[in-house]
Every structure is written in structure tokens, then in C-alpha cells.
Amino acid sequence: TWPASSSGNGWAVKNGLYEKKIGFRPGLSTEIIATSSPKFKSDSVLLCTTRASNFNHGYLKVSPGQHGASALPKVLTGEINPSGKLTDTYAKSYDDYPSRSFGTDVIDYSEDIYVGYRYFETFAPEKVLYPFGYGLSYTTFRYTDLNVEQTGGRRIKVSVNVENTGEREGDEVVLLFVSADKQEITPVVKKLRAFKRISLKAGETQRVEFNLTGRDFSFVGKNMKRKISKGKNTVSVGNLVTEITIR
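Residues numbered from 1 in each chain as written. Predicted model: local features only at pLDDT ≥ 70, side-chain atom pairs only at ≥ 80, totals over all residues. Heavy atoms only, no water.

Turning to the overall build of the chain, a few remarks are in order. Tallying secondary structure elements over the chain gives 3 helices and 15 strands in all. In the chain, the proportion of contacts linking residues at least 24 apart, taken out of those at least 6 apart, comes to 56%. Summed over its atoms, the accessible surface of the chain is roughly 15,200 Å², and 49% of this surface lies on carbon and sulfur atoms. (Helix = DSSP H or I, 4+ residues; strand = E, 2+ residues; numbered from the N terminus. Contact = heavy atoms within 4.5 Å. Areas by Shrake-Rupley, 256 points an atom, 1.4 Å probe, with all protein chains shown as cover.)

Structurally, L175 is set in strand β9 (residues 170–180). Classification of L175 as buried rests on a relative accessible area of 15%. Along the sequence, L175 and R197 sit 22 residues apart, while their C-alpha atoms lie 8.9 Å from each other. Setting aside chain neighbours within four positions, we find L175 in contact with G133, L192, A194, F195, S236, V237 and G238. (Buried < 20%, exposed > 50% of the residue type's maximum accessible area, 1.4 Å probe, protein only.)

A word on unusual backbone geometry. A positive phi angle is found at D145, which is not glycine, with a value near 55°. On the secondary structure map, D145 appears in strand β7 (residues 141–152).

Roughly 470 Å³ of volume is contained in the second largest pocket. As for the second largest pocket, its lining consists of 26 residues, and the residues nearest its centre are K85, G133, Y143, E172 and G238. Every element with two or more residues in the lining of the second largest pocket is listed here: α3 (117–123), β7 and β9. Of the residues forming the lining of the second largest pocket, the biggest block, 6 residues, is contributed by β9. (1 Å grid on protein atoms, 1.4 Å probe; cavity = no way out; pocket = protein on both sides within 12 Å on 5 of 7 lines; lining within 4 Å. Points joined across faces, edges and corners; volume = space filled by probe spheres on them.)

This part is about the sheet that holds strand β8 (residues 155–164). The antiparallel open sheet is built from 3 strands, whose spatial order is β7-β8-β11. The two strands at the open ends of the sheet, each matched to only one other strand, are β7 and β11 (205–212). This sheet shows a mean twist of 20° between the axes of neighbouring strands, independent of strand direction. Bridge count between β8 and β11: 8 bridges; the pairing is antiparallel. Residue N161 lies in a different strand from β11, and its bridge partner there is R207. (Pairing = 2+ DSSP bridges. Axes fitted to C-alpha atoms, helices over the stretch in contact; angles between N-to-C directions.)

Okay, the pattern of salt bridges next. Opposite charge on two side chains allows them to pair when their charged atoms are near. Summed over the entire model, instances satisfying the criterion amount to 7 salt bridges. Between K157 and E209 there is a salt bridge, and its shortest N-O distance comes to 3.5 Å. Note that K157 is positioned in strand β8 and E209 in strand β11, a separation of 52 residues in sequence. Across the pair D171 and R197 runs a salt bridge, and its minimum N-O distance is 3.7 Å. Of the two residues, D171 sits in strand β9 while R197 sits in strand β10 (residues 191–200), which places them 26 residues apart along the sequence. (Salt bridge = Lys/Arg side-chain N within 4 Å of Asp/Glu carboxyl O.)

Right, let's get into the packing of aromatic side chains. The full count for this structure, using the stated rule, is 8 aromatic pairs. Ring geometry for F132 and F177: centres 6.4 Å apart, planes at 80°, overall edge-to-face. Placement of F132 in the loop between β6 (128–130) and β7 and of F177 in strand β9 is noted, with a sequence separation of 45 residues between them. With a relative accessible area of 7%, F177 lands in the buried category. In this structure, K190 is placed above the aromatic ring of F177, and the distance from its NZ or CZ to the ring centre is 4.3 Å. (Phe/Tyr/Trp six-rings, centres within 6.5 Å; stacked < 30°, edge-to-face > 60°. Lys NZ or Arg CZ within 6 Å of the ring centre and 35° of its normal.)

A few words on the environment of E167. Along the polypeptide, E167 turns up in the loop between β8 and β9. Taking C-alpha positions, E167 is 7.5 Å from G203, a pair spaced 36 residues apart along the chain. Not counting the four nearest positions on each side in its chain, E167 is found in contact with T139 and A202.

Counting 23 residues, the largest nonpolar core has V158, V162 and L176 as the members making the most contacts within it. When contributions to this core are tallied by element, the ones reaching two or more residues are β7, β8, β9, β10, β11, β14 (231–237) and β15 (240–246). Every residue in contact with L176, bar those within four places of it in the chain, is listed here: V158, K191, L192, R193, A194, F210, L212, V235, S236 and V237. (Core = buried A, V, L, I, M, F, W, Y, C linked by side-chain atoms within 4.5 Å.)

What follows deals with the confidence of the model for the chain. Caution is warranted with low-pLDDT regions, since their predicted coordinates should not be read in detail. A residue-level look at the chain finds 71% of positions with pLDDT of 70 or above and a mean pLDDT of 79. Ranking the elements of the chain by mean pLDDT puts strand β2 (residues 17–19) last, at 48, and β11 first, at 97. Contacts from residues 1–8, a stretch scored under 50 in pLDDT, to residues over four places away or in other chains number 25 contacts. (pLDDT = per-residue confidence, 0-100.)

Set out below in C-alpha cells:
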């Protein structure tokens, strides 16, 4: 919607704004651009939606909330430095989602433990447009010196250096994933086990620590009981990966 002076091409005038209701379907964002572009003089388009969309014509804003309209200009103009991370995986196409409806009113959610990023990381990484945990910032961060050590029993301490290598202050959300080489069930490629948000000034480095337990390296077996993934496990933080043996 936007301020209206006249209507046409299927757009109705409501409370001084253009408004058009369109049911969701693949390719919808392209249709919106084609039908709405003549209504305003701008090379950039902002699409606000509650659904994932393969939108490559401007800015995509998903579920912005009540204050989204006031927050977005501050991000686009650089008044604030964005630091959010995606909590969903955006596929390249609606047809790439395992729960797609196939044009019916019934949606079969049969992914079991492979929900969201777990499905795409395990079975279809090539179909991902924006991965879980993806985010943008006006600064850059570098991860170095990943260390994993067992501190007693099945307690594991993970630490990593995070450096703000850009020219302005910013927040970073540090994500820690684990995965096991062997399980009695089909293993998930990686599972989020911990995260921390830190704030760094330009040029600042901070040592980030996580404390894990045996449960973080466990899974629910066929008998519905939790088991430890003994043997070689992988820990990844940012672009760094290391291995640890759980006994």
C-alpha cells in the first residue's frame, strides 16, 4: 500500500492508500513488481511479507512487526547497524520446501527431526538461498583460534576469538553447531547447540566461551531414549571446524 491519487489495474483505494489483495502463489513477488511499479517513481521496491520469498527486485522484509516501518529506514540509512540472524532457511523456490502443499489445502509436515535448517543441511544444501543464521552488518567479523577441550567427564569447553575487522561498532551473534559421524539413526548434518550475542567496537577482539555437556552430543534413539554420540564429533563456530572424541 502507498498514498493514492487514483486507482486502476486492480488496485483499490482505501483510506487514501492503494491496496490489492493477492493470494499466495509461486512467482507472486514478480507479479507484485509488474503491477505496482507504474504507481510510483522509484527504482527500489520494499516487499513486506509473512512468507519466505525468492525476491530479487529490491528489499525483502519478512514479518516486520508493529514497529518495522520505523526501524527499517534507520537500517537502510545506516543510523543503526543491523545484527539480526535468520531463524529460518530461505529456499530458492517454494517447491524446494519439503512441506510444500502441491496445490492442495492439506500440508503434510513429515520432516520428523529434519525441520527447517536440519532438512536443508542434510538433504538439500544446494537448494538454499539464504541459510539459517544468515545476517548482514555494516561491519565485518573474523573468527580465529577455535579451541575445544574436555574439562572433566563429558563436560566440554569451547572458545573462539571474534574480531571486529570493520570501521564501526557492531553486534555479532556467535553460533555453535555440533554433528556426529555415526549414529544408529540417520544423522543430522549439524545441530545448533549454543549461541551468544556480543558487541564489539571497531578493531576490538573478544574471546567467546561456551560450556557444553554430554547432552549436547546426544540424540534420541529408536527406543526413544537419549544416547551419547560416542566417538568422533565435529564442532563448528563461524567458518571454523574442529573435531573432538566423546568417550
